[in-house]
Amino acid sequence: MRIINFSAVGTFSTRYNGTRQGITQHYDGGFHLADSTRGAIIHTWNLEGRIDTINRIELTDNDNNWTTAEHTDNRDMALDVHWGLQQIYDYLFHHHGINSFDNNPNNGFAIDAYIKYDTGNAADNAYWDPTMQILYFGEGRNRYRPVACLDAVAHEYGHGITQFQIGWGNNQRHFHEGMSDIWGVILEHRINPNSNSVWQIGEQITKNYQCLRNIQNTNDSNVEIKIADTFNSAQYNNAVGNLQPYVQGGVFSHWFYLLVNGGSGVNDLGNSYRV
């Protein structure tokens, strides 16, 4: 009897995380970036520059050895996303008993991720869609390489946790972004404990800066987005436009840094602090 549908362990030549192993699913004559072995289904799809998920494409491999030579044209970013989602799920489930975004003990919410979302400048982004409740990862363009590094995947996953379990509305976007950066640094540290840049966000993907944000040194000259570390400071109050939630979210994420490491000094309002 020929088995046509089963789970297997694949070898992934990832873009950012070296050679890793992850669960795949065999069906329709090939191995796919799908995983039904956990308490929530994890599935990574390819949009090939489109925005409509109806036209999504399966990512497949013939022998479950996913090499860089086979998965060209930025498709290797799917391996980082799929492996990263599995590692994030496992850490939260095994250490904290959290099952997917919604922590449903019986059937966790499906984790669907889409790589190569959109084209043009829109490809310089990754985001959680709060309506569709899915994850999108662009392949990069002018500012970024493919947006699939571990802290970016964890950041977007964190938005899903926030929507399902915390309940902040969209008018609290600065809390959303600060909280997701916290998830990003926690999960990168737990999954890759030897990382030397755990307090930096997006250090593997930025083309023109050292990193996207730095929640330790919030106004580092080598970051793309300088973030506020003091509530009601001029930097916090003057943040506008698309950057506003990221700048203001720095107060939250830097607070977390101080809780972990301690610190002392004078904030932007001239007040002394010691943690």
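The text that follows walks through the structure, step by step, so that each part is easy to find. Fair warning: this is a prediction, and the values are worked out from it, not measured in the lab. (Residues numbered from 1 in each chain as written. Predicted model: local features only at pLDDT ≥ 70, side-chain atom pairs only at ≥ 80, totals over all residues. Heavy atoms only, no water.)

1. A short note on empty space enclosed by the protein
Per the stated rule, a full pass over the model turns up one cavity of 30 Å³ or more. Considering only enclosed or pocket space, the largest cavity measures out at about 30 Å³ in volume. As for the largest cavity, its lining consists of Glu 177, Gly 178, Asp 181, Arg 213, Pro 245, Tyr 246, Gly 249, Gly 250 and Ser 253. Broken down by secondary-structure element, the contributors of at least two residues to the lining of the largest cavity are helix H3 (173–191) and helix H5 (244–261). With five residues, H5 is the single largest residue contributor to the lining of the largest cavity. A per-class count over the lining of the largest cavity returns two nonpolar, four polar and three charged. (1 Å grid on protein atoms, 1.4 Å probe; cavity = no way out; pocket = protein on both sides within 12 Å on 5 of 7 lines; lining within 4 Å. Points joined across faces, edges and corners; volume = space filled by probe spheres on them. Helix = DSSP H or I, 4+ residues; strand = E, 2+ residues; numbered from the N terminus. Nonpolar A, V, L, I, M, F, W, Y, C, P; charged D, E, K, R; others polar.)

2. A word on the layout of surface pockets
Computed from the structure, the largest pocket encloses a volume of approximately 750 Å³. Along the walls of the largest pocket sit 28 residues, with Asn 125, Ala 126, Arg 173, Glu 177 and Tyr 246 positioned nearest its centre. No other element matches helix H2 (residues 150–166), which puts five residues into the lining of the largest pocket. Taken together, the residues of the lining of the largest pocket break down into 14 nonpolar, eight polar and six charged. Quantified by volume, the second largest pocket comes out at close to 190 Å³.

3. Side note on H5
For H5, spanning 18 residues, the distance from its first C-alpha to its last is 26 Å, which sits close to the expected 26 Å at 1.5 Å a residue. The largest bend in H5 is about 35 degrees, located at Gly 250. After H5 finishes, the residue Gly 262 shows a positive phi value of roughly 75 degrees. (Expected span 1.5 Å × (residues − 1). Bend = angle between axes of the 7 residues up to and from the residue.)

4. A word on the packing of helix H1 (residues 77–96) against H2
Two numbers describe how H1 lies on H2: the axes approach to 10 Å, and their chain directions differ by 55 degrees. With respect to H2, the axis of H1 lies oblique. In the crossing of H1 with H2, the sense of the turn from one axis to the other is right-handed. Residues Val 81, Trp 83, Gly 84, Leu 85, Ile 88, Tyr 89 and Leu 92 of H1 form the contact with H2, whose participating residues are Leu 150, Val 153, Ala 154, Tyr 157 and Ile 161. Residues of the contact of H1 with H2, tallied by class, amount to 11 nonpolar, one polar and no charged. (Axes fitted to C-alpha atoms, helices over the stretch in contact; angles between N-to-C directions. Parallel < 35°, antiparallel > 145°, perpendicular 65-115°, else oblique. Left-handed = near helix turned anticlockwise from the far one by under 90°. Contact = heavy atoms within 4.5 Å.)

5. Some words on a nonpolar patch on the surface
Taken together, the side chains of Trp 255, Leu 259, Val 260, Tyr 273 and Val 275 make up a nonpolar region of the molecular surface, amounting to roughly 480 Å² of accessible area. It is H5 that contributes the most residues to the nonpolar patch, three residues altogether. In this fold, Val 260 is placed in helix H5. Look at Val 260 and you get partly exposed, because its relative accessible area is 48%. (Patch = residues over 30% accessible without salt bridge, like charges linked within 9 Å, V, L, I, M, F, W, Y side chains within 5 Å. Areas by Shrake-Rupley, 256 points an atom, 1.4 Å probe, with all protein chains shown as cover. Salt bridge = Lys/Arg side-chain N within 4 Å of Asp/Glu carboxyl O. Buried < 20%, exposed > 50% of the residue type's maximum accessible area, 1.4 Å probe, protein only.)

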